[in-house]
Amino acid sequence: MRKETCYTPQLKFNLKVLIITVLFLSFSNVMAQSKSKFKVVLDAGHGGKDYGNVHHGYIEKKIALAVTLKVGEYLSKDSDFDFFYSRKTDVFVELKDRAIQANKQDANLFVSIHCNAAKNYSAFGTETFVMGLSRSSTNLEVAKNENSVILLEDDYKENYKGFDPNRPESLIGLKILQEEYLNQSIELAAFVEDNFKDNLGKKSRGVKQAPLWVLDASYMPGVLIEIGFLSNKVEGEYLNTEKGQNEVAKAIADAIFSYKKQYYKTSSGTKPVVTETGRVEETPAVVKEDPVQAIIENVKNGIQFKVQLSASSTKIATSPSNFKGLNGVHVEQSGKIYKYLFGSEDSYELAQNKLTEAKNKGFESAFIVAYKDGVKINLSDAIK
């Protein structure tokens, strides 16, 4: 005899929510067909009353704006791009509004451009940040500096709900709200830093993670690029020149071109969907799959939860000695990036235990990822 499934009122409610969500996403995918261009939000750091870093007469808000506008000029040469500026003049834009603008544009990428500074005037080089919870004191100092613009806003206590950029616990307490975008952000950051190093001969300080509010609040892959140190007189002078700004802008634009070419190439004109494995799939014009059956099949098929410890452009051995004594670490490659994963569990609860184990070993930026039949999927979908 066929066994009938008994649905509780709560389960029925949950199923309704899931079905509505699937139908909404299906409708969104159909509507996305009209969005054939690749959208990038270009965010010039600081502006107006917020000068950013100022050293040796070099002003961050002016240099960041000049470079950002030049990136837009390079992107405008490709008709497949739409790009939007968070500011085009010397005006003050609140941090929250930068993220809100990016989200309203439903952009594919968010690129924020800044200039660095350090107490040690000999420090130089570029570094590109993605969202993360690194406890590195240096990374936290950058995050603290870039987030400090919050204090210049009139209603910052209300807008940011008690977030204080001067308190390390506030920085560490930020969560990665868009874990599904993290690896894509790292890929873009790697393209940027590679171009700085290989094409311009600049010192790359690498791809780093830090709790940056503007990246946390924008719902798309995003990076914050520190194009050099104004506190270093030689580097500051270079960034303050037309030649330096053109070269840096071209390196950033070329990285965006490379990212789009590798992950958003499509021949049918439909909006591409980038999977977490780096594979590009095209959104179908009509969703033929029954949403209820899709939910049931998703539950029946193999779901695995793993803990991502880190991601790097360098491949290293997965021996316990390289991962603070953790056993069972394995590596997966996505484009130029190697992702280091710990454990493989068939339930979210067991994966949380693995996450706790990883954090206890010092991997504070670790997070849980999900796979279905060996293909990475959104964590929220796996839990449902």
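Residues numbered from 1 in each chain as written. Predicted model: local features only at pLDDT ≥ 70, side-chain atom pairs only at ≥ 80, totals over all residues. Heavy atoms only, no water.

A. Broad picture of the overall build of the protein. A tally of helices and strands in the protein yields 13 helices and 15 strands. Looking at the protein as a whole, 47% of its 384 residues are labelled buried. In the protein, of all internal contacts separated by at least 6 residues, the share reaching a separation of at least 24 is 76%. Surface exposure of the protein reaches about 18800 Å², of which carbon and sulfur atoms provide 52%. (Helix = DSSP H or I, 4+ residues; strand = E, 2+ residues; numbered from the N terminus. Buried < 20%, exposed > 50% of the residue type's maximum accessible area, 1.4 Å probe, protein only. Contact = heavy atoms within 4.5 Å. Areas by Shrake-Rupley, 256 points an atom, 1.4 Å probe, with all protein chains shown as cover.)

B. Region of the structure containing the nonpolar core. Grouped together as the largest cluster of nonpolar side chains are 44 residues, with contacts concentrated most on Val-40, Val-67, Val-71, Val-111, Ile-227, Ile-252 and Ile-256. Tallying contributions element by element places helix α10 (residues 242–263) first for this core, with 9 residues. Two domains share this core, each providing at least three of its residues, namely domain 1 (38–157 + 172–263) and domain 2 (291–381). Apart from the residues lying within four places of it in its own chain, the contact partners of Val-111 are Val-40, Val-41, Leu-42, Asp-43, Leu-188, Val-223, Ile-225, Ile-252 and Ile-256. Formed by 20 residues, the second largest nonpolar core is a distinct cluster that contains Leu-326, Tyr-338, Ala-370 and Ile-377. (Core = buried A, V, L, I, M, F, W, Y, C linked by side-chain atoms within 4.5 Å. Domains from an automatic or database assignment.)

C. Geometry of the sheet that holds strand β6 (residues 126–131). The strand order across the open sheet built from 6 strands is β4-β1-β5-β8-β6-β7, with neighbouring strands paired in mixed fashion. At either margin of the open sheet sits one strand with a lone partner, and together these are β4 (81–85) and β7 (204–210). Mean inter-strand twist for the sheet, computed between neighbouring axes without regard to direction, equals 20°. Across 5 bridges, the pairing between strand β1 (residues 38–44) and strand β5 (residues 109–116) is parallel. Pairing of Leu-42 across the sheet is with Val-111, part of β5. Running at roughly 160° to β1, helix α2 (residues 60–75) makes contact with β1, β4, β5 and β8 (222–229) of the sheet. Where α10 meets the sheet, its contacts fall on β1, β4, β5 and β8, and the angle it forms with β5 comes to roughly 155°. (Pairing = 2+ DSSP bridges. Axes fitted to C-alpha atoms, helices over the stretch in contact; angles between N-to-C directions.)

D. Quick look at the confidence of the model for the protein. Mean pLDDT over the protein: 74, with 66% of residues reaching 70 or higher. The element-level mean pLDDT for the protein is lowest in helix α6 (residues 168–172), coming to 36, with helix α9 (residues 233–239) highest at 98. Here residues 1–35 is modelled with pLDDT under 50, and outside its nearest four sequence neighbours on either side it reaches 22 contacts, counting other chains as well. For residues 266–300, every residue scores under 50 in pLDDT, and the model assigns this stretch 64 contacts once sequence neighbours within four places are set aside. (pLDDT = per-residue confidence, 0-100.)

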